[in-house]
Amino acid sequence: MLSRDGKKILRGVNLEIGDREIHSIIGANGAGKSTLAYTLMGLQGYEHEEGSLIFNGEDISKLSITERARKGITLAWQEPARFEGLRVRDYLAIGAKGSGGVTEEELKEALRKVDLKPEKYLDREVGEALSGGERKRIELASIITMKPKLAILDEPDSGIDVVSLKEIVNLIQTFKENGSSVLVITHRKEIAAASDKASLMCEGVILRSGDPLEISEFFKNRCIPCDSRVSPPKAA
Amino acid sequence: MTQITLNTLSSEIKDMDAAYSAAGGDAAVLHKHELSSLVISGNKVLNANGTEGIVLETQETEHGVDVKMTIKKGYKIPLPVHLCFGLIPEDGLQKINMNFTAEENSAVELVAHCTFPNAVKIIHKMDAQMHVGKNASLKYTETHFHGPHGGIQVIPKSHIKIEEGGSYYTNFSLVSGRVGYLEFDYSVDAEKDSICEMVTKVYGKKDDKIKILEKISLNGENARSVIKSRLAITDNAESEFRGITEGHAPRSRGHVDCMEVIQGNAKAEAVPIVRVDNPLAKVTHEAAIGCVDKKEVETLMARGLEEDEAIDIIVKGMLA
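Residues numbered from 1 in each chain as written. Chains lettered and ligands numbered in written order. Predicted model: local features only at pLDDT ≥ 70, side-chain atom pairs only at ≥ 80, totals over all residues. Heavy atoms only, no water.

## A look at the overall build of chain B
Reasoning step 1: Helices and strands together make up the secondary structure of chain B, namely three helices and 20 strands.
Reasoning step 2: Taken over the C-alpha trace, chain B has a radius of gyration of 20 Å; the compact-globule value for 320 residues is 20 Å, and the two agree within 12%.
Reasoning step 3: For chain B, the spread of C-alpha atoms along the three principal axes comes to 55 × 50 × 35 Å.
Reasoning step 4: Residue pairs at least 24 apart in sequence account for 78% of intrachain contacts in chain B once pairs closer than 6 positions are excluded.
Reasoning step 5: A total accessible area of about 13,100 Å² is found for chain B, and carbon and sulfur atoms account for 48% of it.
Reasoning step 6: Each charge class in chain B can be summarised by its mean position, and for the 35 positive and 46 negative side chains these summaries are 4 Å apart. (Helix = DSSP H or I, 4+ residues; strand = E, 2+ residues; numbered from the N terminus. Rg over C-alpha atoms; globule rule 2.2 N^0.38 Å. Contact = heavy atoms within 4.5 Å. Areas by Shrake-Rupley, 256 points an atom, 1.4 Å probe, with all protein chains shown as cover. Lys, Arg positive; Asp, Glu negative; His and termini not counted. Charge placed at Lys NZ, Arg CZ, Asp CG, Glu CD.)

Shown next as structure tokens:
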């Protein structure tokens, strides 16, 4: 459980993500999806108060962001940071430090996988007049070079044009093929459809988990606006 | 004034070479005859080499050197001119008077390194008059290294006049070692169609004190300018920034941009001032002082860095 100003933000989250599983979290704005992502990463202000967080059999509830990252968990933000003065090549190399570094070719390949030309971007600054979409792709490239065990992707398609949605889906599949589990927060049914499993979240509660298409359809057809509901839902 | 055209070798050259390297320069460039260079240690001129299109005159004074440099009309100097000013001893006074002119339609890049690697009680004063002629271009980068002790006062003062169509770009950087006491005072008069960009980057630590005053007067029609300041201070360091831009002419455009990061018990003050007395001029400003951006720190931590490492990378990036 996680609360803020007396209000319970996360209050009924039972979630299990398997090895090399792509798991989508679907839900309306304000459902607590991003909060869940931040809590899993251990960000400041998102420390959960009750319950446990088990990663590879180990309780990581009390670990810092850095400690969680070194265990193989990482997060891609919905709106990436700007990083004035930091070159793309240096940013991409940071995550690979823990796994013995990264070669020049691996840096280039990571950019190619997010559809950016290495010769154009590798020596540019992350914050240097890049569009939101370009920074988003660079953020995802930094996850590729890190090779995490669990990649948490908060709306990886936001700021990226619809034409590129298929590339995002392919990229998520690549994470899986490279050995990562992926928790992806999304509004896109295309991304949810490419998942192995999906969970529907509402008002800080995981309502149900299961087949991604079923969950998507349920969300699309049966979820009523939260503000018109008389009483909050019960946990599944 | 004595015009010097040959290298003057002395035993101090090795020391200055080492100090120049400590400041981030490549000392080899100071000894290449095809490159213009000027090396001053205390009040001694160790090397003065002017190539075609450059007239370089120096005169040693009691505590420093008077320098007169002229880029002749129409000359585009293809390679940077390297300047090195410094003091090797722990204490002393160095006063540099610089009179620089880039004549009409000329272009040059000056790369200066000011180095005081052993400073315990040093005063370095620079008074410069710089004149950028009609359609001329001057790019001036100045990198300082003051050593680890902080016992130094650096007081650079400069007035720059940019004539019609001229451009002036300056980048002052003091991010390695201690600052000591810095009192930076640059003022610019920008005439019609001229361009001016002034960038300062300083990293203050311990009890360093930083005062930066930059003023640009956009006197001519279509004159454009940017003042960009990036300061990081930590421990008990203090900084004061004043960035002033005045729009006096039609379609003149100016912007003042100051960003400061503070940590520990540091204290920062930033005052962007815009003055406009012509209704067709436009001057804007932004200033931000705060801790390192939380999302940037957490992003790097989520890639496996410790918080201190993350902050270090972010601050160095901002000052790069």
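## A closer look at the confidence of the model for chain B
Residues and elements named next belong to chain B.
Reasoning step 1: Mean pLDDT for chain B: 92, with 97% of residues reaching 70 or above.
Reasoning step 2: Across residues 1–9, confidence stays below pLDDT 50; counting only partners more than four residues off in sequence or on other chains, it has 26 contacts.
Reasoning step 3: The ipTM value of the predicted complex is 0.91, and its pTM value is 0.79. (pLDDT = per-residue confidence, 0-100.)

## Regarding the side chain of glutamate 155 of chain A
All names here are of chain A.
Reasoning step 1: Of note, glutamate 155 is situated in the loop between β7 (150–154) and α7 (165–177).
Reasoning step 2: Put simply, glutamate 155 is tucked away with no salt bridge, and the nearest opposite charge, on lysine 33, sits 4.8 Å away.
Reasoning step 3: A polar side-chain atom of glutamate 155 sits 3.2 Å from a polar atom in the side chain of histidine 187.
Reasoning step 4: Here glutamate 155 is in contact with Gln78, Lys136, Ile185 and His187, once residues within four sequence places are set aside. (Buried < 20%, exposed > 50% of the residue type's maximum accessible area, 1.4 Å probe, protein only. Salt bridge = Lys/Arg side-chain N within 4 Å of Asp/Glu carboxyl O. Polar contact = N/O pair within 3.5 Å; in protein donor to acceptor, adjacent residues only side chain to side chain.)

## Structural notes on the packing of aromatic side chains
Reasoning step 1: Here the structure, examined in full by the defined rule, presents four aromatic pairs over all chains.
Reasoning step 2: Where phenylalanine 83 of chain A meets tyrosine 91 of chain A, the ring centres are 5.1 Å apart and the plane angle is 40°; that geometry is what we call tilted.
Reasoning step 3: Given a relative accessible area of 2%, phenylalanine 83 of chain A falls into the buried group.
Reasoning step 4: We classify tyrosine 91 of chain A as buried; its relative accessible area is 2%.
Reasoning step 5: One aromatic cluster is present, formed by Phe172, Phe184 and Tyr186 of chain B through successive ring pairs.
Reasoning step 6: For arginine 208 of chain A, the ring lying beneath its charged end belongs to phenylalanine 218 of chain A, and the centroid distance is 4.0 Å.
Reasoning step 7: The ring of tyrosine 203 of chain B has lysine 205 of chain B lying over it, and the distance from NZ or CZ to the ring centre is 4.2 Å. (Phe/Tyr/Trp six-rings, centres within 6.5 Å; stacked < 30°, edge-to-face > 60°. Lys NZ or Arg CZ within 6 Å of the ring centre and 35° of its normal.)

## Considering the sheet that holds strand β3 (residues 44–49) of chain B
All names here are of chain B.
Reasoning step 1: Read from one edge to the other, the open sheet built from ten strands follows the order β3-β2-β6-β8-β10-β12-β14-β16-β18-β20, with strand pairing classed as mixed. One side of each edge strand has no neighbouring strand; the edge strands of this open sheet are β3 and β20 (282–290). Averaged over all pairs of adjacent strands, the angle between their axes in this sheet comes to 5°, without regard to strand direction.
Reasoning step 2: Relative to strand β8 (residues 107–115), strand β6 (residues 81–86) runs parallel, the two sharing six bridges. Bridge assignment links leucine 83 to a residue of β8, and that residue is alanine 112. (Pairing = 2+ DSSP bridges. Axes fitted to C-alpha atoms, helices over the stretch in contact; angles between N-to-C directions.)

## Brief notes about helix α3 (residues 307–319) of chain B
Reasoning step 1: The end-to-end C-alpha distance of α3 of chain B is 18 Å, a good match for the 18 Å that 13 residues give at a rise of 1.5 Å each.
Reasoning step 2: Within α3 of chain B the residues assigned to the buried category are Ala310, Ile311, Ile314, Val315, Gly317, Met318 and Leu319 of chain B. (Expected span 1.5 Å × (residues − 1).)

## Comments concerning the environment of glutamate 128 of chain A
Residues and elements named next belong to chain A.
Reasoning step 1: Mapping glutamate 128 onto the fold places it in the loop between α5 (118–121) and α6 (132–146).
Reasoning step 2: Look at glutamate 128 and you get partly exposed, because its relative accessible area is 34%.
Reasoning step 3: When the C-alpha positions of glutamate 128 and arginine 87 are compared, they lie 9.1 Å apart, and in sequence the two are 41 residues distant.

## What about the interface of chain B and chain A?
A common measure of how large an interface is: the accessible area buried when the components associate.
Reasoning step 1: Listed by partner, the interface residues are 22 residues for chain B and 27 residues for chain A.
Reasoning step 2: Across the interface of chain B and chain A, roughly 2,000 Å² is buried in total on both sides, 56% from carbon and sulfur atoms.
Reasoning step 3: Considering only the side of chain B, the residues that lose the most area to chain A are Lys295, Glu298 and Arg303 of chain B, jointly responsible for 34% of the buried surface there.
Reasoning step 4: For the pair chain B and chain A, the number of links is four salt bridges.
Reasoning step 5: For the salt bridge of glutamate 306 of chain B with arginine 70 of chain A, the shortest nitrogen-to-oxygen distance reads 3.3 Å.
Reasoning step 6: The interface formed by chain B and chain A contains 13 residue pairs in polar contact (both at pLDDT 80 or more).
Reasoning step 7: Mapped onto the side of chain B that touches chain A, the elements with two or more residues apiece are β16 (224–233), α2 (294–301) and α3 of chain B.
Reasoning step 8: Within the side of chain B that touches chain A, the residues separate by chemical class into nine nonpolar, three polar and ten charged. (Buried area = accessible area lost by both parts, 1.4 Å probe. Nonpolar A, V, L, I, M, F, W, Y, C, P; charged D, E, K, R; others polar.)

## Quick notes on the packing of α2 of chain B against α3 of chain B
Residues and elements named next belong to chain B.
Reasoning step 1: Packing of α2 against α3 leaves a shortest axis separation of 9 Å and a crossing angle of 125°. Classified by the angle between their axes, α2 and α3 sit oblique to one another. Two packed elements cross with a definite hand, and for α2 against α3 that hand is right-handed. Judged by residue contacts, Glu296, Val297, Leu300 and Met301 of α2 engage Glu307, Ala310, Ile311, Ile313 and Ile314 from α3.
Reasoning step 2: Along the lines of polarity and charge, the residues of the contact of α2 with α3 split into seven nonpolar, no polar and two charged. (Parallel < 35°, antiparallel > 145°, perpendicular 65-115°, else oblique. Left-handed = near helix turned anticlockwise from the far one by under 90°.)

## A few points about the pairing of β7 of chain A
Residue and element names in this part refer to chain A.
Reasoning step 1: With five of five residues buried, β7 lies mostly within the body of the structure.
Reasoning step 2: Side chains Leu150, Ile152 and Asp154 of β7 all project onto a buried face; the interleaved residues Ala151 and Leu153 project onto the opposite face, where all are buried too.
Reasoning step 3: As paired strands, strand β6 (residues 73–76) and β7 are joined by four bridges and run parallel to one another. Looking at β7, one finds that threonine 74 is bridged to alanine 151.
Reasoning step 4: Note: β7 against strand β8 (residues 181–185), five bridges, orientation parallel. Within the sheet, the bridge partner assigned to aspartate 154 lies in β8 and is isoleucine 185.

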